[in-house]
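# Inside the fold
The primary structure of each chain is shown beneath.
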Amino acid sequence: MVNRRLSHLSRRSVLGAGLFVGSSMLLKACGQSQTSTPAPEGEEAAASAEGEGGAIGGSVSAVAYPGIWEEAHREVVASQVKTNQDIDATIVPMLANDQVAQLIAAPDNPPFDVCLLDEGPFRAAPREDILQPFPVDMSPSFANLFPDFQGGEEVWGPTVAVTAIGIGYNADRYESAPAAWEEFWNPENAGRIGLVTMNSSLGTAFMVEVAKRFGGSEADIEVAFERIQELLPNVAAVAPSPGALATLLQQGEVDIAPVYMNAVLSLQDAGLNMGWAIPEGGSVGIRATMSIVKNPQASVEAAAAYIDTVISAEAQNVLAASPYFFGPTNSEVQLSGPFEELFSTDPQDFISQLIYLDWDTINLNRPEWIERFNREVAV
Amino acid sequence: MTQSSTVPLASASSSSAESSPPGRGHGLDIEGITHRFGDVTVLNQIHLQVNPGEFVALLGPSGCGKTTILRLVAGLLTPTVGQIRIDGQRVEHVPTHKRNVGIVFQNYALFPHMNVFDNVAYGLRAQGAKTTNVRSRVQDMLELVQLEVMGDRFPNELSGGQQQRIALARALAVEPRILLLDEPFSALDKNLRLDMQIEVKRLLTEQGITTMFVTHDQEEALSMADRIAVMSNGVVQQFDTPTTVYDRPSTLFVSQFVGTTNLISGTLIQHNRESCVVSLADGEQMQLAIDPDMPINSPVQLAIRPENLRLSTEPSPNALPVRVDICLPLGAATIYEVRTASGIPIKVTQPRGIGVKSLVPGQTVYLTLASAHACSIFHVSDTDPSV
Amino acid sequence: MQAKALLKAGRGWALVFPLTLFLMIFYLAPIVLMVITSLSQAGETEGLSWSQYAEFFGDGFNLKVLWDTVWLGTQTTIVCLLLGYPLALLHSRTRPGNWRSILTFLIVLPLLTSAVVRTFAWIVILGRQGVINSALLSLSIIEEPLRLLSTHHGVIAALSQIQMPLMILPLIASMARLDPNLEAASASLGSPAWRTFWRITFPLTLPGIIAGSMLVFSASVSSFVTPSVIGGGRLMFMPMYIYQQAVSLFNYPFAATISTVLLITVLAVVTLLSSLGSLTRSYTRT
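## So, the overall build of chain B
Of the regular secondary structure elements, chain B holds 10 helices and 20 strands. The dimensions of chain B, computed from C-alpha atoms along their principal axes, are 75 × 45 × 40 Å. The 387 residues of chain B split such that 50% are buried. Excluding contacts between residues fewer than 6 apart, the proportion of contacts in chain B whose partners are at least 24 apart in sequence is 66%. Of the roughly 17,400 Å² that chain B leaves accessible, carbon and sulfur atoms contribute 50%. Charge centroids of chain B, computed over 30 positive and 37 negative side chains, lie 4 Å from each other.

Here you go:
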């Protein structure tokens, strides 16, 4: 009883901060056009290159997803790239689909220089039209990436982080961690379940995983739709985005939901009594790729230096630790804390324990699935 | 303050009102009203007894509290202290809509979204009158104000005079016990104003309705009212008939505010039962047929109307020699401004006619009072609020 | 003479030319483009057709989204009117001074904070552990927290608060034009307060009601953040639907179709309301 009250208290105390973060997320998601125009980099870059010898200089505007990504890239990456290369980085908070939409709309004058895309939207996007090949020779850290994250035959850029999908839960309400996705159909969870729409990689991966548990596959998630229909009466909320779902979990609107590991870990870090569990059969890893867009306003050097910073061991060691907990892609990173508890201290072990989905297959049907999901969950 | 209440108010109370014919007026009795807005006292100890059917004007400069009295009688305000009675019954706490006191506002306040018919019918319908009764009563009212063909018009399609008549018809339709008019003619141009004054006076006299109207125009008050309450600074200075107010102003303020007057400073040097003598600033003495109730050597102001002075080319006892300064022949009368030897300016109005020779500026003439009663004398003290 | 007048008028037009040009390029052209897009066919087929519209109106789901959106706008407008009218009345009856300034500030305050921040504040109010549920629980009025977030009513509550100034400000403007003597005259003619309100105050403030309703309705049906944050993924309204079609599904023609349908719906409601307004305008002109 006392315990519970304490955790309630701490939950309240974080509420304000959570709201602030949440609101800034949405505020930014809605005001995507507020990209700050990079300063004309020609003279400035030349001047600073002369002045500091070796530093690239100039400025770059790079996308990060609203919320924890944006915060991490602003606090960690932008400051490192400033210190190391004298590059002024502007972080543009934007969701993956919005980025693709904007790049397609204005290929000659893209609103940002570096984009950040999950596998799904990345593989669905017309990459040849909007991206340029990543200049590997400008990126010293590229060689330290796990080979799988160097892009393979895809030359558009490295995987900068892997985020694991699992079951997030309110530890006040569960004595032990939920074991599998099937737990959602446990009548005890009626009215406490949170979902997210299939617009996001999280929502789509969840549906595919559910389909797989019940006999479906990446190509056919019919069974997942059927099971969701059964689940709907017990669903407390369907969030429009992963960030919104994390907020609902944080505020106790829902007690169990499919969420990214780092979202829950950062809430834990903030003092909330939250749990995150690897579901039976494994946790899906979502790989996020960074690429330089076609016709960037920044110099390719600056853009490449920015991406190189994101994949450097220096940055990823910070990004993999409290309070960000991003899964690393650089082989030199040392893991600790919750990573150690849930997976391993060796990043190699971490990434090999994750399941990766066949997004090319998923993408064949994804638009129809998104539409169908939105219709079927609508009240 | 003199009050010529020929009919004792007790007899004008509800019992006699019932026996009086319909449309005859009701008595209004304002007793000891003091009203404050926050710390500001806007009315101080007001007593007014209005007889049934009487037409009373509240006259005073703006801010004197006259409109506040109107709003108190209408029930739009509740007095801080004091009583208001209609036909002897206290009404201070009766809400406006149950008081049956009609108002015609300065801007007429016709309902802009209703046509003339609906405006006039408004009060009747509020009373729940039957449709047929409403129709005939409205028609009667429109005939009364001679606008029977205007029923379908909207207020913004009417002239100022027409709007005023409709406002009057609307107020009269419900047969109010008291009718209040707030500066009813001030929005009309001068020619129309006189017509409307005559018409309203005729109409209200015919209806025999007790009316109280607010004005800052002394001519309007003098010409229309049965009695005038002259107000200043929240106090009633004088409440009397127009002639008395004009001829016998009870305070210096009244003498100045109502009509034109010459104010001459002096000192009371002697008085007895019939008369007194006032020494003017330059040592001239004037003998007056008044017995002022004040001690010898009091500083005084003499108030003399221009028409109560006479100019003569011949000297006479008690005549004051003066010099003609300006001469303005204005139709029936000539206005002169003359100066005493010590330079006090005095206005004098003299009738003009064939054979009456005009005086010329610079000429020395002799000033006398038309009558020994034609002058008011006021004691001047530093604390006199009316100066 | 006529030519001169024409020239004069022409000069007037010349002054608004820059604005006209600006609106043509940045307002009218995109709308025309949107309508043309909505008439293009799915896939690679050339030529214009009504097929997108046929698809929109042939599908019950779309009609339900449209209806839910209009209904949301209507309910929000009604709530704003019912709650805003008394407040506007109070404001107009408060004598100018400190209290009135404070009231004005409180009324305008929501406009000074972003709709997003206000929306998140509503999460705090409506949540399971929010202000309302905590209060009801601690008073033992309920035993389990009520579900307020992710409900249609929750969206209406939040949206009403957020759009309230749009209702109150036109109401205050129309009440300021109302001659207080009219109400006094009505009372003096024997009308109790309620009759005075319905016969005088209400009809004469109708222009303000209509203007406020138009603003609140159009702002509500096109609002994006509040319905999605408070309503969640299970309540679908037109703006979110447009966003999904355009950004998640890259189905621009259909997104344009939904947008055009929403635009026409809003225009229809606004036209309806303003035609009501023109009925009352004749007498409030003076």
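The discussion continues.
## Side note on the pattern of salt bridges
Residues and elements named next belong to chain B. For the structure shown, the criterion picks out 29 salt bridges over all chains. Between glutamate 183 and lysine 66 there is a salt bridge, and its shortest N-O distance comes to 3.9 Å. Here glutamate 183, found in the loop between strand S7 (178-182) and helix H7 (190-207), pairs with lysine 66, found in helix H2 (residues 66-74); they are 117 residues apart in sequence, far enough to count as distant. Each member of the pair, glutamate 183 as well as lysine 66, carries the same accessibility label: buried.

## As for the interface of chain A and chain C
Of the residues lining the interface, 38 residues belong to chain A; the matching set on chain C comes to 35 residues. In total, chain A and chain C occlude about 3,200 Å² of area from one another, counting both sides; carbon and sulfur atoms represent 57% of this. Applying the counting rule to chain A against chain C returns 1 salt bridge. Among the salt bridges present, the one from Asp59(C) reaches Arg375(A), with a minimum N-O distance of 2.6 Å. At the surface where chain A touches chain C, the tally comes to 11 residue pairs in polar contact (both at pLDDT 80 or more). Put simply, the parts of the chain that give the side of chain A that touches chain C at least two residues each are helix H1 (2-30), helix H4 (96-105), strand S7 (235-239) and helix H15 (359-377) of chain A. A per-element tally of the side of chain A that touches chain C places H1(A) first, with 10 residues. Across the side of chain A that touches chain C, the residue classes break down as 22 nonpolar, 9 polar and 7 charged.

## Topic: the interface of chain B and chain C
One frequent convention defines the size of an interface as the accessible area lost when the parts assemble. Listed as interface residues are 22 residues of chain B and, on the opposing side, 22 residues of chain C. Roughly 1,900 Å² is buried in total at the junction of chain B and chain C, and carbon and sulfur atoms are behind 65% of that figure. The three residues of chain B that bury the most area against chain C are His97(B), His113(B) and Tyr122(B), which together make up 32% of that side's buried surface. For the pair chain B and chain C, the number of links is 6 residue pairs in polar contact (both at pLDDT 80 or more).

## Section: the sheet that holds strand S1 (residues 28-37) of chain B
Residue and element names in this part refer to chain B. In spatial order, the strands read S2-S1-S4-S5; together these 4 strands make up an open sheet with antiparallel pairing. The open sheet has two free edges, formed respectively by strand S2 (40-50) and strand S5 (89-90), since each of these has just one partner strand. Sheet analysis places S1 next to S2, joined by 7 bridges and oriented antiparallel. When the bridges of S2 are listed, isoleucine 30 appears paired with leucine 48. Against the sheet, H2 makes contact with S1, S2 and strand S4 (81-86), and its axis sits at roughly 115° relative to S1, the strand it touches most.

## Quick notes on the domain arrangement of chain B
Residues and elements named next belong to chain B. When cut into domains, chain B gives domain 1 (9-251) and domain 2 (260-379). Taken together, the contact pairs 7 residues of domain 1 with 5 residues of domain 2. Between domain 1 and domain 2, a total of about 500 Å² is buried, with carbon and sulfur atoms accounting for 38% of that surface. Taken as a group, Tyr246, Arg248 and Pro249 account for 77% of the area that domain 1 buries against domain 2, more than any other trio of residues on that side. Remark: the boundary between domain 1 and domain 2 carries 0 salt bridges. Tallied by class, the residues present in the side of domain 1 that touches domain 2 amount to 3 nonpolar, 2 polar and 2 charged.

## Notes on the sheet that holds strand S14 (residues 299-304) of chain B
For sheets, the rule is that strands pair by backbone hydrogen bonds, running either parallel or antiparallel. Residue and element names in this part refer to chain B. If you walk across this open sheet you meet the 5 strands as S13-S12-S11-S14-S20, and the pairing is antiparallel. A strand with exactly one partner marks an edge of an open sheet, and here the two such strands are strand S13 (285-288) and strand S20 (376-379). Averaged over all adjacent pairs, the angle separating strand axes in this sheet is 40°, with direction ignored. Judged from the 4 bridges that link them, S14 and S20 form a sheet pairing that is antiparallel. Opposite glutamine 301, over in S20, you have phenylalanine 378 as the bridge partner.

## Details of the packing of aromatic side chains
Considering all chains together, one arrives at 29 aromatic pairs over all chains under this definition. Residues Phe146(A) and Phe149(A) carry aromatic rings whose centres are separated by 6.3 Å and whose planes lie at 80° to one another, so their mutual orientation is edge-to-face. Consider the rings of Trp185(A) and Phe214(A), whose centres lie 5.5 Å apart with planes at 75°: the pair is edge-to-face. Note that Trp185(A) is positioned in the loop between strand S5 (159-170) and strand S6 (193-196) and Phe214(A) in the loop between helix H7 (201-213) and helix H8 (222-231), a separation of 29 residues in sequence. Three or more aromatic residues link up through ring pairs in this structure, and these residues are Trp181(A), Phe184(A), Trp185(A), Phe206(A) and Phe214(A). Directly above the aromatic system of Phe122(A) lies the positively charged group of Arg127(A), at a separation of 5.3 Å from the ring centroid. The ring of Tyr122(B) has Arg195(C) sitting right over it, with the charged end atom 4.7 Å from the ring centre.

Definitions and cut-offs
- Residues numbered from 1 in each chain as written.
- Chains lettered and ligands numbered in written order.
- Predicted model: local features only at pLDDT ≥ 70, side-chain atom pairs only at ≥ 80, totals over all residues.
- Heavy atoms only, no water.
- Helix = DSSP H or I, 4+ residues; strand = E, 2+ residues; numbered from the N terminus.
- Buried < 20%, exposed > 50% of the residue type's maximum accessible area, 1.4 Å probe, protein only.
- Contact = heavy atoms within 4.5 Å.
- Areas by Shrake-Rupley, 256 points an atom, 1.4 Å probe, with all protein chains shown as cover.
- Lys, Arg positive; Asp, Glu negative; His and termini not counted.
- Charge placed at Lys NZ, Arg CZ, Asp CG, Glu CD.
- Salt bridge = Lys/Arg side-chain N within 4 Å of Asp/Glu carboxyl O.
- Buried area = accessible area lost by both parts, 1.4 Å probe.
- Polar contact = N/O pair within 3.5 Å; in protein donor to acceptor, adjacent residues only side chain to side chain.
- Nonpolar A, V, L, I, M, F, W, Y, C, P; charged D, E, K, R; others polar.
- Pairing = 2+ DSSP bridges.
- Axes fitted to C-alpha atoms, helices over the stretch in contact; angles between N-to-C directions.
- Domains from an automatic or database assignment.
- Phe/Tyr/Trp six-rings, centres within 6.5 Å; stacked < 30°, edge-to-face > 60°.
- Lys NZ or Arg CZ within 6 Å of the ring centre and 35° of its normal.

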